[in-house]
Amino acid sequence: MNQGGFSWKSLWKDLGTRRWIFLLAAGLLFVVIALPMEPGGDGGGSGEIQGTAAAGEEISLSEYEKKLERRLAALLSAVEGAGKVEVMVTLRSSSEQIVLNDVSREENLTRETDAQGGVRNNSDIRESSQTVLSGTNGRSEPYVLGERMPQVEGVVVACEGGDRASVQAEISAAVQALFDLEPHKIKVCKMASQ
(Lines give C-alpha, C1' and ligand atoms only; values in the text may rest on other atoms or scores of the structure.)
Protein backbone atom coordinates (compact mmCIF):
# COMPACT_ATOMS: atom_id res chain seq x y z
CA MET A 1 0.00 0.00 0.00
CA ASN A 2 2.33 2.66 1.24
CA GLN A 3 5.84 2.10 0.01
CA GLY A 4 8.11 3.71 2.61
CA GLY A 5 5.34 5.19 4.75
CA PHE A 6 3.53 4.05 7.85
CA SER A 7 1.42 0.88 7.76
CA TRP A 8 -0.53 -0.66 10.65
CA LYS A 9 -0.14 -4.10 9.09
CA SER A 10 3.62 -3.91 9.07
CA LEU A 11 3.65 -2.52 12.62
CA TRP A 12 1.45 -5.42 13.77
CA LYS A 13 3.79 -7.94 12.17
CA ASP A 14 6.92 -6.24 13.51
CA LEU A 15 5.75 -6.09 17.15
CA GLY A 16 3.97 -9.43 17.29
CA THR A 17 0.73 -10.40 19.03
CA ARG A 18 2.22 -10.88 22.51
CA ARG A 19 3.77 -7.45 22.59
CA TRP A 20 0.51 -5.84 21.44
CA ILE A 21 -1.40 -7.63 24.22
CA PHE A 22 1.25 -6.48 26.72
CA LEU A 23 0.97 -2.87 25.50
CA LEU A 24 -2.83 -3.01 25.69
CA ALA A 25 -2.73 -4.41 29.25
CA ALA A 26 -0.21 -1.76 30.32
CA GLY A 27 -2.40 0.97 28.82
CA LEU A 28 -5.47 -0.31 30.66
CA LEU A 29 -3.48 -0.43 33.89
CA PHE A 30 -2.47 3.21 33.48
CA VAL A 31 -6.09 4.20 32.82
CA VAL A 32 -7.29 2.41 35.97
CA ILE A 33 -4.56 4.01 38.08
CA ALA A 34 -5.39 7.46 36.73
CA LEU A 35 -9.12 7.21 37.60
CA PRO A 36 -10.15 9.18 40.68
CA MET A 37 -10.83 7.14 43.79
CA GLU A 38 -14.36 6.94 45.18
CA PRO A 39 -15.16 7.98 48.77
CA GLY A 40 -14.12 5.26 51.15
CA GLY A 41 -11.10 4.27 49.05
CA ASP A 42 -7.52 5.10 49.89
CA GLY A 43 -7.77 8.46 48.20
CA GLY A 44 -6.75 10.25 51.38
CA GLY A 45 -9.20 11.83 53.76
CA SER A 46 -12.50 10.58 55.02
CA GLY A 47 -14.66 10.28 51.90
CA GLU A 48 -18.06 10.05 53.57
CA ILE A 49 -17.55 13.11 55.76
CA GLN A 50 -16.41 15.12 52.76
CA GLY A 51 -19.37 13.74 50.79
CA THR A 52 -21.91 14.96 53.34
CA ALA A 53 -20.19 18.32 53.60
CA ALA A 54 -20.24 18.70 49.81
CA ALA A 55 -23.71 17.28 49.13
CA GLY A 56 -25.53 18.75 52.11
CA GLU A 57 -24.53 21.08 54.84
CA GLU A 58 -23.72 19.96 58.36
CA ILE A 59 -26.23 21.76 60.52
CA SER A 60 -26.89 21.98 64.23
CA LEU A 61 -29.96 20.50 65.87
CA SER A 62 -31.73 23.85 66.21
CA GLU A 63 -30.95 24.72 62.57
CA TYR A 64 -32.35 21.35 61.50
CA GLU A 65 -35.49 22.01 63.55
CA LYS A 66 -35.93 25.47 61.97
CA LYS A 67 -35.37 24.07 58.48
CA LEU A 68 -38.06 21.43 59.06
CA GLU A 69 -40.43 24.09 60.36
CA ARG A 70 -39.89 26.36 57.33
CA ARG A 71 -40.36 23.54 54.83
CA LEU A 72 -43.44 22.21 56.61
CA ALA A 73 -44.98 25.69 56.89
CA ALA A 74 -44.41 26.26 53.16
CA LEU A 75 -46.08 22.95 52.33
CA LEU A 76 -49.03 23.35 54.70
CA SER A 77 -49.77 26.89 53.55
CA ALA A 78 -50.61 25.33 50.18
CA VAL A 79 -53.44 23.29 51.75
CA GLU A 80 -56.76 24.71 50.61
CA GLY A 81 -58.29 26.90 53.30
CA ALA A 82 -55.21 26.88 55.55
CA GLY A 83 -54.15 30.45 54.85
CA LYS A 84 -51.11 31.74 56.70
CA VAL A 85 -49.32 28.97 58.61
CA GLU A 86 -46.84 28.84 61.48
CA VAL A 87 -45.30 25.54 62.60
CA MET A 88 -43.41 24.31 65.64
CA VAL A 89 -41.57 20.98 65.51
CA THR A 90 -40.07 19.17 68.50
CA LEU A 91 -37.44 16.49 68.04
CA ARG A 92 -37.19 13.24 69.97
CA SER A 93 -33.41 13.03 70.21
CA SER A 94 -30.24 14.40 68.73
CA SER A 95 -28.66 13.23 65.51
CA GLU A 96 -26.54 10.09 65.53
CA GLN A 97 -23.44 9.36 63.49
CA ILE A 98 -23.19 5.88 62.03
CA VAL A 99 -19.58 4.70 62.18
CA LEU A 100 -17.94 1.76 60.43
CA ASN A 101 -17.17 -1.15 62.74
CA ASP A 102 -14.89 -4.09 61.98
CA VAL A 103 -16.66 -7.09 63.52
CA SER A 104 -14.91 -10.42 63.91
CA ARG A 105 -16.48 -13.63 65.16
CA GLU A 106 -14.67 -16.79 66.18
CA GLU A 107 -16.54 -19.96 66.99
CA ASN A 108 -14.95 -23.14 68.38
CA LEU A 109 -16.98 -26.30 68.77
CA THR A 110 -15.55 -29.14 70.85
CA ARG A 111 -17.04 -32.59 71.16
CA GLU A 112 -15.79 -34.70 74.07
CA THR A 113 -16.56 -38.34 74.71
CA ASP A 114 -15.81 -39.88 78.12
CA ALA A 115 -14.99 -43.50 79.00
CA GLN A 116 -18.64 -44.37 79.78
CA GLY A 117 -19.79 -43.23 76.33
CA GLY A 118 -21.18 -39.89 77.42
CA VAL A 119 -20.88 -37.06 74.93
CA ARG A 120 -20.42 -33.43 75.79
CA ASN A 121 -20.49 -30.60 73.27
CA ASN A 122 -18.81 -27.31 74.14
CA SER A 123 -19.08 -24.19 72.08
CA ASP A 124 -16.92 -21.15 72.59
CA ILE A 125 -18.03 -18.05 70.70
CA ARG A 126 -15.99 -14.87 70.75
CA GLU A 127 -17.09 -11.69 69.08
CA SER A 128 -15.22 -8.45 68.94
CA SER A 129 -16.02 -5.14 67.38
CA GLN A 130 -13.61 -2.35 66.70
CA THR A 131 -14.38 1.08 65.29
CA VAL A 132 -12.55 1.75 62.04
CA LEU A 133 -10.47 4.90 62.26
CA SER A 134 -9.26 7.10 59.44
CA GLY A 135 -6.71 9.75 59.91
CA THR A 136 -5.14 12.70 58.25
CA ASN A 137 -2.37 14.93 59.53
CA GLY A 138 -1.74 12.68 62.53
CA ARG A 139 -5.36 12.78 63.77
CA SER A 140 -7.47 9.63 63.96
CA GLU A 141 -11.24 9.90 63.82
CA PRO A 142 -13.96 7.27 63.42
CA TYR A 143 -14.87 6.59 59.78
CA VAL A 144 -18.43 7.93 59.46
CA LEU A 145 -20.74 6.07 57.07
CA GLY A 146 -23.61 8.51 57.49
CA GLU A 147 -25.73 10.42 59.91
CA ARG A 148 -29.17 9.51 61.21
CA MET A 149 -31.15 12.68 61.71
CA PRO A 150 -33.34 12.99 64.82
CA GLN A 151 -36.95 11.84 64.74
CA VAL A 152 -39.82 14.26 65.06
CA GLU A 153 -41.63 13.96 68.41
CA GLY A 154 -44.53 16.34 67.85
CA VAL A 155 -45.89 19.10 65.62
CA VAL A 156 -48.07 22.11 66.38
CA VAL A 157 -49.60 23.99 63.47
CA ALA A 158 -51.29 27.36 63.84
CA CYS A 159 -53.10 28.52 60.72
CA GLU A 160 -55.80 31.01 59.74
CA GLY A 161 -58.17 28.19 58.71
CA GLY A 162 -57.42 26.06 61.76
CA ASP A 163 -60.95 26.38 63.12
CA ARG A 164 -62.41 24.32 60.23
CA ALA A 165 -62.51 20.55 60.70
CA SER A 166 -61.67 19.85 57.04
CA VAL A 167 -58.48 21.94 57.23
CA GLN A 168 -57.51 20.31 60.54
CA ALA A 169 -58.01 16.84 59.02
CA GLU A 170 -55.98 17.65 55.88
CA ILE A 171 -53.09 19.18 57.82
CA SER A 172 -53.08 16.38 60.39
CA ALA A 173 -53.05 13.73 57.63
CA ALA A 174 -50.19 15.50 55.83
CA VAL A 175 -48.07 15.70 58.98
CA GLN A 176 -48.82 12.04 59.81
CA ALA A 177 -47.71 11.01 56.33
CA LEU A 178 -44.51 13.06 56.46
CA PHE A 179 -43.28 12.15 59.93
CA ASP A 180 -45.10 8.89 60.78
CA LEU A 181 -46.57 10.47 63.89
CA GLU A 182 -49.55 9.32 65.89
CA PRO A 183 -52.57 11.68 65.71
CA HIS A 184 -52.29 12.74 69.36
CA LYS A 185 -48.79 14.13 68.67
CA ILE A 186 -50.17 16.63 66.15
CA LYS A 187 -52.15 19.73 67.11
CA VAL A 188 -53.78 22.03 64.55
CA CYS A 189 -55.29 25.23 65.88
CA LYS A 190 -56.60 28.56 64.59
CA MET A 191 -54.10 31.38 64.38
CA ALA A 192 -55.02 34.48 66.34
CA SER A 193 -56.08 37.39 64.13
CA GLN A 194 -53.75 40.31 64.15
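What you see is a predicted model; the values in this text were computed from it and never measured. (Residues numbered from 1 in each chain as written. Predicted model: local features only at pLDDT ≥ 70, side-chain atom pairs only at ≥ 80, totals over all residues. Heavy atoms only, no water.)

**Brief notes about a nonpolar patch on the surface**
Condition: Grouping into patches uses exposed residues only, defined as over 30% relative accessible area, and leaves out salt-bridged ones; the cut-off is 9 Å for like charges and 5 Å for nonpolar side chains (Val, Leu, Ile, Met, Phe, Trp, Tyr). Accessible surface is estimated by sampling points in the Shrake-Rupley manner with a 1.4 Å probe; for residues, cover comes only from the protein chains shown. Within this document, salt bridges are pairs made up of a side-chain nitrogen of Lys or Arg and a carboxyl oxygen of Asp or Glu, the two lying within 4 Å of each other. By definition, any uninterrupted DSSP run of H or I lasting at least four residues is a helix, any uninterrupted run of E lasting at least two residues is a strand, and each is numbered from the N terminus.
A cluster of nonpolar side chains, namely Ile98, Leu100 and Leu145, defines an oily patch on the protein surface of about 200 Å² accessible area. Considering the arrangement of structural elements, one finds Leu145 in strand 7 (residues 144–148).

**What about helix 4 (residues 61–76)?**
Keep this limit in mind: Multiplying 1.5 Å by the helix residue count minus one yields the expected span of that helix. Between buried and exposed lies partly exposed: a residue is buried under 20% and exposed over 50% of the maximum accessible area for its type, with that area taken using a 1.4 Å probe on protein chains only. Starting at the helix axis, one direction is taken to each C-beta atom, and the arc is that of these directions. Residues are treated as being in contact if the distance between any of their heavy atoms lies within 4.5 Å.
Spanning 16 residues, helix 4 covers 22 Å between terminal C-alpha atoms, matching the ideal 22 Å at 1.5 Å per step. Turning to helix 4, its buried residues are Tyr64, Leu68, Glu69, Leu72, Ala73 and Leu76. Along helix 4, the residues classed as buried sweep out an arc of 165° about the axis, all on the same side. Away from the buried face of helix 4 by more than 90 degrees, exposed residues Arg70, Arg71 and Ala74 are located. On its buried face, helix 4 is in contact with strand 1 (85–91), strand 8 (152–159) and helix 5 (165–179).

**Observations concerning the pattern of salt bridges**
Applying the stated criterion across every chain yields a total of eight salt bridges. A salt bridge links Arg120 to Glu112; the shortest N-O distance between them is 2.3 Å. Overall, the relative accessible area of 32% leaves Glu112 in the partly exposed class. Residue Glu141 is joined to Arg139 by a salt bridge in which the shortest nitrogen-to-oxygen separation is 2.2 Å. Residue class for Arg139 comes out exposed when judged on its relative accessible area of 54%. Linked through salt bridges whose partners overlap, the residues forming this network are Arg92, Glu153 and Lys185.

The analysis is restricted to geometry; functional conclusions fall outside its scope.
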